[in-house]
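# Structure assessment
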Amino acid sequence: MKTLHLYLTRQVLLTLMMTVAVFTFVLLLGNVLKEILGLIVTRKITLLLVFKAIALLLPYLMTYVLPFGMLTAMLLVFGRFSADQELTAVRASGISLLSTITPLLILSLLLSIFCAWINLWVSPECRGAYRSLILQIGSQSLTSLITDDRFIQEIPGLTVYIRKKNGDELEDVHIYTVETNRIKTRISGEKGRVIWDRAARQISFELQNAITEFLNERTKKEETFIGPPLAHPEEISEWGQLQSGALTVGPYDLTPLFRGEQKLRLGDMNIRQLLAERANLKAKGISDSPARVRIHRQVSFSFACFGFTLIGIPLAIRAHRRETSIGIAISLLLAIAYYAFFVLGESFSSREKLHPELIVWLPNFLFQGVGAFLLHRANKGG
């Protein structure tokens, strides 16, 4: 029994390390290089800063890579274990499936505890430090803040998405003004231009054919008009629709940004800061739903390794395939289904009546429940 346990644990750990290394490399390419590759080419950033950025981003990536790697390892190892008739030999020796996988269930629980530590403490702090580093690099070149094909959230009170950027010329621009974690105004333009005031460290956006959408606080409905955004949304009914061919959004002062005075985002808060933010919002009479959803998300996400282990083992046995491509394909589908609940919960974070903090727990209940049922059937030879 001891030899069997050591054999399976060794196989799972080796496969886990391999998959984690591959997935981490892929995600690093998509995160770090996308933001700083241009600065490397123009020699505006040193290799030391690149390695520092990678080191700070690794804990954040681990929150996603470890559960996905654990799921893939279970599918690959037990797919081969079943296809090579090793599982049949183990059962013929009188050893049950549950006895065989007990060390792996313990390993998944230990990884869940490790993920909880990363999710609640390490990852948010490292992610915040990573953003500060990117802003420090950006302070040396203001234009490095505005890049295309990503959501730019470094400008205080704004979220900007630009599909294509060529110098200071912009295409398909979307600008969102945010107050207390809620979108108040949405501005879009087919084309535009970014205007820099480097001496004052200010930024403005000049848009063509601008369309502005804002939330009517009286009726709680979104109304659309063409023209500049209103300072007071409650006056919408008095303003009606305005026509305007061009619109300038801003200027916005970036000085606090480079002084490190920017407001800490929920995604960059550790558990203690999230609890303090929730208490602060409640004291101000503001809905604490976004902070509450974030807390539940971080805790719930920590159990992903255990849920993926429970469902991965019986699915691999039922698939009875040793091909790596099959295991990776199944793990991708399961991971997408699992993470979809978290995206759904966060998208409903401003709708308290829907209890979005409970939505983020659904994938754990679903995966662990289905996994336990399939594991029970597989243990009986079903």
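Residues numbered from 1 in each chain as written. Predicted model: local features only at pLDDT ≥ 70, side-chain atom pairs only at ≥ 80, totals over all residues. Heavy atoms only, no water.

Glancing now at the overall build of the chain. The number of helices and strands found in the chain is twelve helices and eight strands. Within the span of the chain, comprising 382 residues, buried residues form 45% of the whole. In the chain, of all internal contacts separated by at least 6 residues, the share reaching a separation of at least 24 is 65%. Accessible surface, the chain as shown: approximately 19,400 Å² in total, 60% of it carbon and sulfur. (Helix = DSSP H or I, 4+ residues; strand = E, 2+ residues; numbered from the N terminus. Buried < 20%, exposed > 50% of the residue type's maximum accessible area, 1.4 Å probe, protein only. Contact = heavy atoms within 4.5 Å. Areas by Shrake-Rupley, 256 points an atom, 1.4 Å probe, with all protein chains shown as cover.)

The next point concerns the pattern of salt bridges. For the coordinates displayed, the defined rule picks out four salt bridges. When the shortest N-O distance is used, the salt bridge between Arg163 and Glu171 registers 3.5 Å. Classification of Glu171 as partly exposed rests on a relative accessible area of 30%. The salt bridge involving Asp172 is made with Arg163; its shortest N-O contact spans 3.5 Å. Classification of Asp172 as partly exposed rests on a relative accessible area of 26%. (Salt bridge = Lys/Arg side-chain N within 4 Å of Asp/Glu carboxyl O.)

If you look at the biggest cluster of nonpolar residues, it comprises 57 residues, and the most contacted ones within it are Phe78 and Tyr338. Elements represented by at least two residues in this core include exactly α1 (2-41), α2 (47-83), α3 (86-92), α4 (97-140), α9 (304-319), α10 (324-347) and α12 (362-379). At 17 residues, α2 tops the list of elements feeding residues into this core. When near neighbours in sequence (up to four residues on either side) are disregarded, Tyr338 contacts Ser300, Phe301, Phe303, Ala304, Phe308, Pro363, Asn364 and Phe367. One finds Ile152, Ile175, Val194 and Phe205 within the second-largest nonpolar core, a separate group that totals 19 residues. (Core = buried A, V, L, I, M, F, W, Y, C linked by side-chain atoms within 4.5 Å.)

Another point: the side chain of Arg127. With respect to the helices, strands and loops of the structure, Arg127 is situated in helix α4. Residue classification places Arg127 among the buried residues on the basis of a relative accessible area of 12%. In contact with Arg127, other than residues within four places in its own chain, are Leu56, Leu57, Tyr60 and Asp268.

For helix α7 (residues 271-283), which comprises 13 residues, the first-to-last C-alpha distance of 18 Å matches the rise-based estimate of 18 Å (1.5 Å per residue) to within 8%. Ile271, Leu274, Glu277 and Leu281 are the residues of α7 that are buried. For α7, the angular spread of the buried residues around the axis is 120°, confining them to a single face. Within α7, the exposed residues directed more than 90 degrees away from the buried face are Arg272 and Ala283. (Expected span 1.5 Å × (residues − 1). Arc of directions from axis to C-beta.)

The next point concerns the packing of aromatic side chains. What the rule picks out here adds up to 16 aromatic pairs. Note on Tyr64 and Tyr339: the rings are 6.1 Å apart at their centroids and 75° apart in plane angle, and the pair reads as edge-to-face. A residue pair is termed long-range when its members are at least 10 positions apart, and Tyr64 in helix α2 and Tyr339 in helix α10 qualify at 275 residues. Using a relative accessible area of 25% as the deciding quantity, one classes Tyr64 as partly exposed. Ring pairs connect the aromatic residues Tyr60, Tyr64, Phe301, Phe308, Tyr338, Tyr339, Phe342 and Phe367, which therefore count as one cluster. (Phe/Tyr/Trp six-rings, centres within 6.5 Å; stacked < 30°, edge-to-face > 60°.)

Here we take up the side chain of Asn119. On the secondary structure map, Asn119 appears in helix α4. Excluding residues that lie within four positions of it along the chain, Asn119 makes contacts with Thr63, Pro124, Gln298, Phe301 and Ser302.

In this structure, Thr177 sits in strand β3 (residues 169-179). Classification of Thr177 as buried rests on a relative accessible area of 19%. Considering only alpha carbons, one finds Thr177 and Val160, 17 residues apart in sequence, at a separation of 8.8 Å.

Further remarks concern the confidence of the model for the chain. Per-residue pLDDT for the chain averages 76, and the proportion of residues at 70 or more is 76%. Averaged over each element, pLDDT in the chain is lowest for helix α5 (residues 236-239) (36) and highest for α12 (89). Contacts from residues 217-243, a stretch scored under 50 in pLDDT, to residues over four places away or in other chains number 51 contacts. (pLDDT = per-residue confidence, 0-100.)

You will see that Gln85, though not glycine, has its phi angle at about 65°, which is positive. Secondary-structure assignment places Gln85 in the loop between α2 and α3. Residue Gln85 is classed as partly exposed on the basis of its relative accessible area, which comes to 43%. In this model, Asp172 sits at a positive phi of 55°, which is unusual for a non-glycine residue. By the element assignment, Asp172 lies in strand β3.

What follows is about the environment of Arg265. Along the chain, the position of Arg265 falls in the loop between α6 (255-258) and α7. Placed 141 residues apart in sequence, Arg265 and Pro124 show a C-alpha to C-alpha distance of 9.6 Å. Excluding residues that lie within four positions of it along the chain, Arg265 makes contacts with Arg131 and Gln153.

On the surface, Met18, Val22, Phe25, Val26 and Leu29 cluster together into a nonpolar patch covering about 480 Å² of accessible area. Secondary-structure assignment places Met18 in helix α1. (Patch = residues over 30% accessible without salt bridge, like charges linked within 9 Å, V, L, I, M, F, W, Y side chains within 5 Å.)

Our next topic: α2. For α2, with 37 residues, the first-to-last C-alpha span of 46 Å runs short of the 54 Å given by 1.5 Å per residue. Along α2, the helix axis deviates most sharply at Leu61, where the bend reaches about 45°. (Bend = angle between axes of the 7 residues up to and from the residue.)

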